[in-house]
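Here is what each chain is made of, one letter per residue.
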Amino acid sequence: MADSEDTELQDDDLEQEGARSSLSMGDGGDSEAERKDAEDKQEAFVEVAGLLKKYNPVNKAYTRDDVLNSRFEIQVLREIQEFSNDFATAYEVKDETSSNQECYALRLDRTMPYRMKNIEAQLRMEHPNLLQLMAYGPVHYSDSDTINMTVVFEKPAGKPLREVLESKRHSLTERHIIEHIIAPISQILRSFQTAGISHGNINLDSVFLGESIQLGDCVSQPCGYAQHFHFESAERYQANPMGKGDSGTAMDCYALGILVAHIVLGARFFERVDVDSFINRRLVLGTYNILLGGREYSSLDDFFKGVLNDDPFERWTPEHIAQWVAGKKFNLLTPSVLREGQRPYPFNGEDYFNRRALANSFAQNWDDAQANLRTGHLSRWVEVSLHKNEMAEQLRKVMERTGGIHAGSERANNELVARSIMLLDPEGPMRYGRLSSYADGLGCILANAFRKMDQATMHHLAEIITYNFYALPKNAPTDRISKRALNVIAKLPACIQHLRTPAMGFGMERVLYELNPNLPCQSPLLAHEDVLTGEDMLNALDRLGKRQSQGFEYLDRHIAAFVATRIELQKEIKLADLRIISALSQNPQLIILFMLAQVQRKAGKPKLRGLTSWAVLRVIPLVDNFHSRSIRRKVRDNLKNAAKSGEIDRIFEALNDAAAVHEDTTGFQKAVHRYGKNVIQIDKLLDKEKLAVKSERIGMVLATIVGYSILLLTAAVVLKDAYF
């Protein structure tokens, strides 16, 4: 083509040029036109990168380094070991509005879900015996250039109860225990019950004793994660520390009972107790019998019988405790030994008379349980000794489905043991190999697996979800299942589909955010951020665009899954408007951008020039999928305007220009057709043999025509002379 390339190509030229660039098989095409196209592309890059360089995002995450709510100055060089734990680091705090208020801050670990319901509820609570949560929110820490969720508590006025008991300086009477320990803590638990939260960590280290008692932090760790086994009921202790789920106030009442037992029995009594034997004995004899059986506590006896009941649904609630403190008499019976069967079930050299103890032994001896269950003896024992015919039939169905008496695959054997344990102990956690969890504990276990990159645990969790172990039978009663657990159970069928969908926004990452709505996005790109909401994501990416520029992709499975959860995406996204250009309609970067556009619309279309400029820098190379250079130039111009607008939708408007796409596609198809015909013609003209044959044929035809023409002319002349 000539120098007319400086102006826009005419339709025919456009068609021929697009086809030639695609079909010329590397002949270089019009080098001048290609050079100008490359310059145009580079110019777009430079202009958008310049916009990004000049852009200064408004940082809504924080106002000053190491300060929360413009009030609490966190002393990052003064860590407090006694208040720190596995998932939070404690620091000294200066309250800029009060010199008398002693506070400390907890910097929460972003790799685990936050207990936001507890945080928000405790912020509203004011109780003299509960440590006051004074503030919470994101803080930018100068020591690491990261944003972390932070909570600020008042400092406890006393010492941990453990230190007080070990010092032996206090002799607490039963009346003092009732009035100054049981009564105030039960009042707090009533408030917790009303708010729909639980503490999960009532023990000798979280209760402080000074002039009065104070109950400490219940927001910085997963519920029950750090709870000592003495303070956990037998069924909760059988779950993994991460898999206990929300304990409910029934568990807190149990822990309060154990706390009081430590006071009256002495801490050394519990130090002599072996973990495994203690759990097994509780499952057989009951907690009250092994701790307090044979002892008399005139004022506390009903309290112990009520709160140490091993059935969480018969255990005393905070209301029962309040009534008892007020003087109501209950006259509870001493719990009996937990014996169900007339005859024992032998397993691993031990005899078992109740299902819970047997289920626990199966879980502790998994491989032996597989072999034992294949004998079929369990269903017979349940039917004859326990007289539970329906359960026996269910056990037989599980066995038949997993291979009968014959040894099955590892997955079949695992399923057999897991479902048998669930039938024996429906109140306990679901156990599968080394994993043991309640439904609402699955999220924490999965988050911890991602935190540690534990692929084996992720694999087991995928099997647990796929098998849908937690599914409830039709019309099954739900009064003995917590609301949080029911909420998780309701999500699991969708999680199965998420696992089966490999597209961006799905997979195990999607399950992670579905089960942990209060988990910050775990993308490595956002390691310095604290992203909890869709709007947080937009603002973080807007800031990140400024920091990372075009050298980094925003293509990330965590970002995609996090955003897909926030927009409740159920099916794989297919960009229908770009379906004509397959490289665009299936591009994962555009799919994530499409989801972010939905979040931006939902947030009221905040201007995010950092994000749009960054995105445009990633999208510009995709424009090469358009065939026409003039259309590529037009789309790039529109993309530059989209970058300036701060609206992600404008990027798609540039790419989805129906007229341009139609013109480019139809023009290219016509050009391909025309170019193909021309190539055939050229090939024919370049073939010498064919050309010689064709020339000979044409010569013969022409000679014949000329000969006949001369003959006709001669005949005409002769006839004319003859007659005229």
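The rules we used
Within any chain, residue numbers begin from 1 and follow the written order of that chain's sequence. For this predicted model, a pLDDT threshold of at least 70 governs which residues receive local features, and a threshold of 80 or more governs which side-chain atom pairs are given and counted, while totals over whole chains, interfaces and linings are taken from all residues. Only hydrogens and water are set aside when side-chain values are computed; all heavy atoms of the structure are taken into account. In this text, helices come from DSSP runs of H or I with a minimum length of four residues, and strands from runs of E with a minimum of two, each type numbered from the N-terminal end. The buried label applies to any residue whose accessible area, calculated with a 1.4 Å probe on protein chains only, is under 20% of its type's maximum; exposed applies above 50%, and partly exposed to all values in between. Strands qualify as paired when DSSP identifies two bridges or more between them. Whether two residues touch is decided by their heavy atoms; if any such pair falls within 4.5 Å, the residues are in contact. Only the stretch in contact is used when a helix axis is fitted, and all axes are lines through C-alpha atoms; the angle between N-to-C directions ranges over 0 to 180 degrees. Definition used in this section: a nonpolar core is a set of buried Ala, Val, Leu, Ile, Met, Phe, Trp, Tyr and Cys residues joined via side-chain atoms within 4.5 Å. Here is the rule for angles: anything less than 35 degrees is roughly parallel, anything more than 145 is roughly antiparallel, 65 through 115 is roughly perpendicular, and the remaining ranges are oblique. Three residue categories are used. Nonpolar comprises Ala, Val, Leu, Ile, Met, Phe, Trp, Tyr, Cys and Pro, charged comprises Asp, Glu, Lys and Arg, and polar comprises the others, including Gly. Expected helix span is computed as 1.5 Å times (number of residues minus one). Like-charged residues are merged into a patch within 9 Å and nonpolar side chains (Val, Leu, Ile, Met, Phe, Trp, Tyr) within 5 Å, provided each residue has over 30% relative accessible area and no salt bridge. Each accessible area value is a Shrake-Rupley result obtained with a 1.4 Å probe; residue values ignore everything except the protein chains displayed when judging cover. The working definition used for a salt bridge is a side-chain nitrogen of Lys or Arg within 4 Å of a carboxyl oxygen of Asp or Glu. pLDDT: the predictor's confidence for each residue, scored from 0 to 100.

**Student:** Quick rundown of the overall build of the protein? Include the residues and the values.
**Tutor:** The helix and strand inventory of the protein stands at 30 helices and 13 strands. A burial count over the protein gives 51% of its 724 residues as buried.

**Student:** Tell me about the pairing of strand E4 (residues 103-108), residues and numbers included.
**Tutor:** Strand residues, when the strand is regular, have side chains that alternate between the two faces of the sheet. Counting buried positions along E4 gives 6 out of 6 residues, so the element sits mostly inside the fold. Across the two faces of E4 the burial is the same, with Cys-103, Ala-105 and Arg-107 and Tyr-104, Leu-106 and Leu-108 all buried. Pairing between strand E3 (residues 88-95) and E4: 6 bridges, direction antiparallel. By the bridge assignment for E4, Ala-88 is matched with Leu-108.

**Student:** Please set out the sheet that holds E4 residue by residue, giving values where relevant.
**Tutor:** Picture the strands of a sheet paired through backbone hydrogen bonds; they go either parallel or antiparallel. The 6 strands are arranged E1-E2-E3-E4-E6-E5 in an open sheet whose pairing can be described as antiparallel. Looking at the sheet topology across the chains shown, the edges are occupied by strand E1 (67-68) and strand E5 (133-141). Sheet topology note: the E5/strand E6 (residues 146-154) ladder contains 8 bridges and is antiparallel. Among the inter-strand pairings, Leu-133 is bridged to a residue of E6, identified as Phe-153. Packing of helix H3 (residues 116-124) onto the sheet brings it into contact with E4, E5 and E6, and relative to E5 it is tilted by some 130°.

**Student:** An account of the sheet that holds strand E7 (residues 159-160) is requested, with residue identities and associated values reported.
**Tutor:** The 3 strands lie next to each other as E7-E8-E9, forming an open sheet whose pairing is antiparallel. Each edge of the open sheet carries a strand with a single partner, namely E7 and strand E9 (213-215). Sheet topology places strand E8 (residues 207-209) next to E9; 3 bridges connect them, and they run antiparallel. Pairing of Val-207 across the sheet is with Leu-215, part of E9. Helix-sheet contacts for helix H5 (residues 174-195) involve E8 and E9, and the interaxial angle to E9 is about 35°.

**Student:** Help me get a handle on the nonpolar core, residues and values and all.
**Tutor:** By size, the foremost hydrophobic cluster in this structure holds 119 residues, and its most contacted members are Phe-362, Leu-378, Met-537 and Met-595. Per element, the largest residue contribution to this core is 8 residues, and it comes from helix H25 (residues 588-602). If near-sequence neighbours (up to four positions away) are discounted, Leu-378 is found in contact with Tyr-345, Leu-358, Phe-362, Leu-373, Leu-395 and Leu-424. Formed by 70 residues, the second largest nonpolar core is a distinct cluster that contains Ile-182, Ile-202, Leu-265 and Phe-270.

**Student:** Tell me about unusual backbone geometry, and name the residues and values.
**Tutor:** Residues other than glycine seldom take positive phi values, yet Asn-468 does so here, at roughly 55°. Structurally, Asn-468 is set in the loop between helix H19 (455-467) and helix H20 (483-500). Judged by relative accessible area, which is 21%, Asn-468 ranks as partly exposed. Phi at Glu-568 takes a positive value of approximately 55°, unusual for a residue other than glycine.

**Student:** Which residues make up the packing of helix H26 (residues 609-619) against helix H27 (residues 629-645), and what values go with them?
**Tutor:** Between H26 and H27, the shortest axis-to-axis distance is 7 Å and the interhelical angle comes to 155°. It follows from the interaxial angle that H26 and H27 lie roughly antiparallel. Residues Arg-609, Thr-612, Ser-613, Val-616 and Val-619 of H26 pack against Leu-639, Ala-642, Ala-643, Lys-644 and Ser-645 of H27. Partitioned by chemical class, the residues of the contact of H26 with H27 number 5 nonpolar, 3 polar and 2 charged.

**Student:** Would you mind going over helix H17 (residues 410-424) in detail, with residue names and values included?
**Tutor:** When the terminal C-alpha atoms of H17 are compared, their 21 Å separation across 15 residues agrees well with the 21 Å that a helix rising 1.5 Å per residue should span. For H17, a buried count of 12 out of 15 residues is recorded, marking the element as mostly surrounded by other parts of the structure. The complete set of buried residues in H17 reads Ala-412, Asn-413, Asn-414, Glu-415, Leu-416, Val-417, Ala-418, Arg-419, Ser-420, Ile-421, Leu-423 and Leu-424. The elements touched by buried residues of H17 are helix H13 (355-364), helix H14 (366-373), helix H15 (377-384), helix H16 (389-401), strand E12 (430-432) and H19.

**Student:** Describe the environment of Arg-282, with residues and values.
**Tutor:** Take Arg-282: it is sitting in helix H9 (residues 275-285). Looking at Arg-282, the relative accessible area reads 1%, which means it is buried. It is 9.8 Å that separates the C-alpha atoms of Arg-282 and Glu-235, two residues lying 47 residues apart in sequence. Setting aside anything within four residues of it in sequence, one finds Arg-282 in contact with Phe-229, His-230, Glu-232, Ser-233, Ala-234, Tyr-254, Thr-287, Ile-290, Asp-310 and Leu-338.

**Student:** Tell me what's going on with the environment of Leu-52, and back it up with residues and numbers.
**Tutor:** As for its placement among the helices and strands, Leu-52 is situated in helix H2 (residues 31-54). With 592 residues separating them in the primary sequence, Leu-52 and Lys-644 have C-alpha atoms 9.3 Å apart.

**Student:** Give a description of helix H7 (residues 248-265) that names residues and reports values.
**Tutor:** Taking 1.5 Å of rise per residue, 18 residues should cover 26 Å, and H7 covers 26 Å from first to last C-alpha, within 8% of that figure. Of all 18 residues in H7, 15 are buried, a share of seventy percent or more. Gly-266 occupies a position one or two residues after H7 and carries a positive phi of about 95°.

**Student:** Can you lay out a nonpolar patch on the surface for me, pointing to particular residues and giving the numbers?
**Tutor:** A surface patch of nonpolar side chains, amounting to about 350 Å² of accessible area, comprises Ile-698, Val-701, Leu-702 and Ile-705. Its location among the elements puts Ile-698 in helix H30 (residues 688-723). The exposure class assigned to Ile-698 is partly exposed, which follows from its relative accessible area of 42%.

**Student:** Could you give me a rundown of the packing of H14 against H17, with the residues and numbers involved?
**Tutor:** Two numbers describe how H14 lies on H17: the axes approach to 9 Å, and their chain directions differ by 85°. As judged from the angle between their axes, H14 and H17 are roughly perpendicular. In this structure, H14 uses Trp-366, Ala-369, Gln-370 and Leu-373 to contact H17, whose residues at the interface are Asn-413, Asn-414, Leu-416, Val-417, Ala-418, Ser-420 and Ile-421. Partitioning the contact of H14 with H17 into residue classes produces 7 nonpolar, 4 polar and no charged.

**Student:** Explain the confidence of the model for the protein residue by residue, including any values.
**Tutor:** Looking at the protein, the pLDDT average stands at 86 and 87% of residues meet or exceed 70. Taken as a whole, residues 1-29 scores under 50 in pLDDT and shows 40 contacts with residues more than four places along the chain or in a different chain.

**Student:** A description of the pattern of salt bridges should follow, citing residues and the corresponding values.
**Tutor:** This model, assessed by the stated rule, comprises 45 salt bridges. With its nearest N and O atoms 3.7 Å apart, the salt bridge here joins Asp-246 to Arg-484. Within this pair, whereas Asp-246 is found in the loop between helix H6 (234-237) and H7, its partner Arg-484 is found in helix H20, the two being separated by 238 residues in sequence. Overall, Asp-246 belongs to the buried group, its relative accessible area being 17%. For Arg-484, a relative accessible area of 32% corresponds to the partly exposed category. As a salt-bridge pair, Arg-431 and Asp-425 come within 3.1 Å of each other at their nearest N and O atoms. Across the pair, Asp-425 and Arg-431 agree in class, each one buried. Here the salt bridges do not stand alone but share partners, grouping Asp-37, Asp-40, Lys-41, Asp-624, Arg-632 and Arg-636 into one network.

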